[in-house]
Amino acid sequence: MANAKRKITLSPSRDIPFDQLVLSQSNVRRVKSGVSIGELADDIARRTLLQSLNVRPQLGDDGEETGKFEIPAGGRRYRALELLVKQKRLSKDAPVPCIVQSAAGILAEEDSYAENAVRENLHPLDQFRAMQAMVDKGNAVEAIAAHFMTTPAVVRQRLKLASVAPALHELYAADEMTLDQLMAFTVSDDHERQVQVWDMLAHSFSKSPGFIRQKLTENSVRAADKRVRFVGVEAYVAAGGSIARDLFEADDGGWLTDPALLDRLVEEKLTAIGQRIGEEGWKWVQTSIDLPHGAARGLRWLESTEVAMTADEEASLAALEAEAEALSDKWSDAPEVPEEVHAQLEAIEARIGALVDRPKIFDAAEMGRAGVFVSIDYDGTIRVDRGFVRPEDEPVDEEAGGGETAVGERPADGGADDAGGPEAAPRGRSSEPVEEEGLKPLPDRLVADLTAWRTLALQDAFAQNPQLAFGAVLHAFVLSLFYRFSHITCLGLRLTETYFANPPEGLRDSAPARSIDARHAAWRERLPQSESELWDTLLALDANEQASLFAHCASLTLNAQNDAGQSARSDIAGRVALSDVLSRIVALDPIAAGWRATGDGYFRHVTKARILADVTEARGAEFADMIDHLKKPDMVREAEALLEGSTWLPEPLRTPVEDAFDEEGPVAEVPVDEVSADEVSAVDTGDTQVVAARSDADRDGPVTDETNDRDNDDADNRGDDDWDEMPVAAE
């Protein structure tokens, strides 16, 4: 008969007075790790000892037991109990539950090592669920954090992870989902949607946490959106809206989950602001979340004057500026400036801005025919553009009837001398004009003849004074763009600002548009209200300022749009080719300017075949193969994810490496390094400006090194001092 297996005998447990316990030198733990002794002591005081100490009888030199017990495993618990005894929170002879091992047999070091190594920590999912169970039973988040020596933020993160769909918990427990992916699902409380997104990932190239967050929030509105900043999160929440937060990533305030409510709040606030502004006396007020690019095209902008500061306001401004300067000086050399100092400076600057940004005063009669555009700016602030007159609201000049003729033109019936008046010959008498006493105005025809001669003389002198010519052209440019209904210039120049018939959504809020608008507004503030003062203002600018203003004015007329609806026009290809020349010179980089290949901005508008071709070009055929089986919406989403951070550009945004242009259209290609800024000239044809690339053959003679040297010398001789010599136009 076979012998039965010997049953093991567990080590006995007993309560041993604390003062009979001593630490063993066989404890393998030497490095401090985890909860401190003090925190562990507090935890034992709260819930008593949860785990017995592992002890062995202490043997003397003679090999006999001394009555003391050594602790090879549980040293930190002993130290915590020792601290409680010192604090008189525990009696020195208090019984301590212990597991007593035999002094012989297994080494004490092995017991110590096994207790710390042969064990398994809680799975993170069990931690999440445990904290959720504590909350469900009435424990506060702060209390749980205090009991487990952590922060309330960490507890909230665990609770958020515990709130994810149970089906996803099971996947995480089976190691089919990473912790980072599970954290990404916490941005939504909709379990059904969470599971849908996970199922979608099975057919998706991207399974990143960022992509999961994007899909779960695609029907929400970011708290950083300008509409949210305009209304305010507090107002949205007070109206019953909810916000999804990401406790594991920076989310700029989270996502608003009720876009319809947000849009209603925006409309109500915009309407109320529009009504209040309309009470100022304007004929019309147009409110819009996004004011279309070029909304003020063809409208006259009213002149206005600023409300002067009162003595109290000037004193307040001086005090605020002094306070800001003193604060800046105090912290200028500090390696790190506290946040409260930054906040204080920002508050002072905001108060200074409110004082400096003066209200405008408009003529009451003009206000009755003008209107206001009210919209939301890109940063969520209200944008109010006052004082625009529509063409149909312009006053009619009844005295200017149809019989008025322009100076220098002859009436259709034969001329000014035959139309009656003092110069007309009496009937039946000689046609010899009758001399009358006193001086009379010169005949119109003679005035026209004399001033024609003067025009040629002035043109000749004008051509010999490049600085004056530049100033006069700049004057004409500024009149065209800042004084829309003014024609007080003797030059046959008028800039036509570029507008887009159907601007894409969001164009006005794009980075280039904001930069242009800011520059235009800054120049408008510097220019005088009255165009009669413009010449003197331009003279007061230094050379760099004049050149900057000139470039700004010229830039607003540049048009590189390839509008397919106008493809029949012969100048479309020409202007696009010329824009390529300029693009190479300025090294245009649409990516650096802020363009991105997004689903809404690009992929949604092209075919699946085009998407696959673009992905192939940008990332390679293997990436295109990964998405070629998807439906169009999924392919759009995947393509955007694949090209995120890429420098790829669609063809219309690219600048050709080589191109050239002549009067007939695109011709032979010229290497980019052979095209310089000197080869670009502006050609005026009435109201149309054409930028042409000149070849060497267009010059008045062969181009030699001597010619180039002479041109460079001429350019060097035109220094900044020459701008001060620009004469003031005669009154």
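The structure under discussion appears in the preceding block.
### Describing the side chain of serine 583
With respect to the helices, strands and loops of the structure, serine 583 is situated in helix 22 (residues 571-586). Classification of serine 583 by relative accessible area gives buried; the value is 11%.

### Considering the packing of aromatic side chains
Tallying each qualifying case throughout the model produces 10 aromatic pairs. Arranged with centres 6.5 Å apart and planes meeting at 75 degrees, the rings of tryptophan 595 and tyrosine 602 form a pair that is edge-to-face. Exposure remark for tyrosine 602: the relative accessible area of 14% places this residue in the buried category. Chaining the aromatic ring pairs together yields one cluster made of Trp595, Tyr602, Phe603 and Trp648. Against the face of tryptophan 301 rests arginine 524, its NZ or CZ located 3.8 Å from the ring centre.

### Focus on the pairing of strand 4 (residues 65-73)
As paired elements, strand 2 (residues 21-23) and strand 4 share three bridges and run parallel to each other. Along strand 4, the bridge assignment pairs valine 22 with glutamate 70. For strand 3 (residues 53-59) and strand 4, the ladder comprises four bridges, and the chain directions are antiparallel. The residue bridging leucine 59 from the neighbouring strand is glutamate 65, located in strand 4. Counted along the chain from strand 3 to the antiparallel partner strand 4, the turn is five residues long, and its residue glycine 63 has a positive phi close to 85 degrees.

### Here we look at the packing of helix 1 (residues 37-47) against helix 2 (residues 75-86)
The packing of two helices is summarised by the inter-axis angle and the distance between the axes. Contact geometry of helix 1 with helix 2 gives a least axis separation of 8 Å together with a crossing angle of 75 degrees. In terms of their interaxial angle, helix 1 and helix 2 are classed as roughly perpendicular. Facing helix 1, whose interface residues are Ile37, Gly38, Leu40, Ala41, Ile44 and Ala45, helix 2 presents Arg76, Arg77, Arg79, Ala80, Leu81, Leu83 and Leu84.

### What to know about unusual backbone geometry
Even without glycine at this site, lysine 88 takes up a positive phi of about 60 degrees. Accessibility expressed as a relative area gives 77% for lysine 88, which makes it exposed. Here the phi dihedral of aspartate 175 falls at roughly 60 degrees; this positive angle occurs in a residue that is not glycine.

### Observations regarding the sheet that holds strand 7 (residues 243-244)
Taken in spatial order, the three strands line up as 6-8-7 in an open sheet, and their pairing is antiparallel. Both edges of this open sheet fall to strand 6 (221-222) and strand 7, since each of them pairs with a single strand only. As defined by bridge partners, strand 7 adjoins strand 8 (residues 255-256) across two bridges and the pair is classed as antiparallel. For isoleucine 243, the partnering residue across the bridge sits in strand 8 and is leucine 256.

What counts and what doesn't
- Residues numbered from 1 in each chain as written.
- Predicted model: local features only at pLDDT ≥ 70, side-chain atom pairs only at ≥ 80, totals over all residues.
- Heavy atoms only, no water.
- Helix = DSSP H or I, 4+ residues; strand = E, 2+ residues; numbered from the N terminus.
- Buried < 20%, exposed > 50% of the residue type's maximum accessible area, 1.4 Å probe, protein only.
- Phe/Tyr/Trp six-rings, centres within 6.5 Å; stacked < 30°, edge-to-face > 60°.
- Lys NZ or Arg CZ within 6 Å of the ring centre and 35° of its normal.
- Pairing = 2+ DSSP bridges.
- Axes fitted to C-alpha atoms, helices over the stretch in contact; angles between N-to-C directions.
- Parallel < 35°, antiparallel > 145°, perpendicular 65-115°, else oblique.
- Contact = heavy atoms within 4.5 Å.

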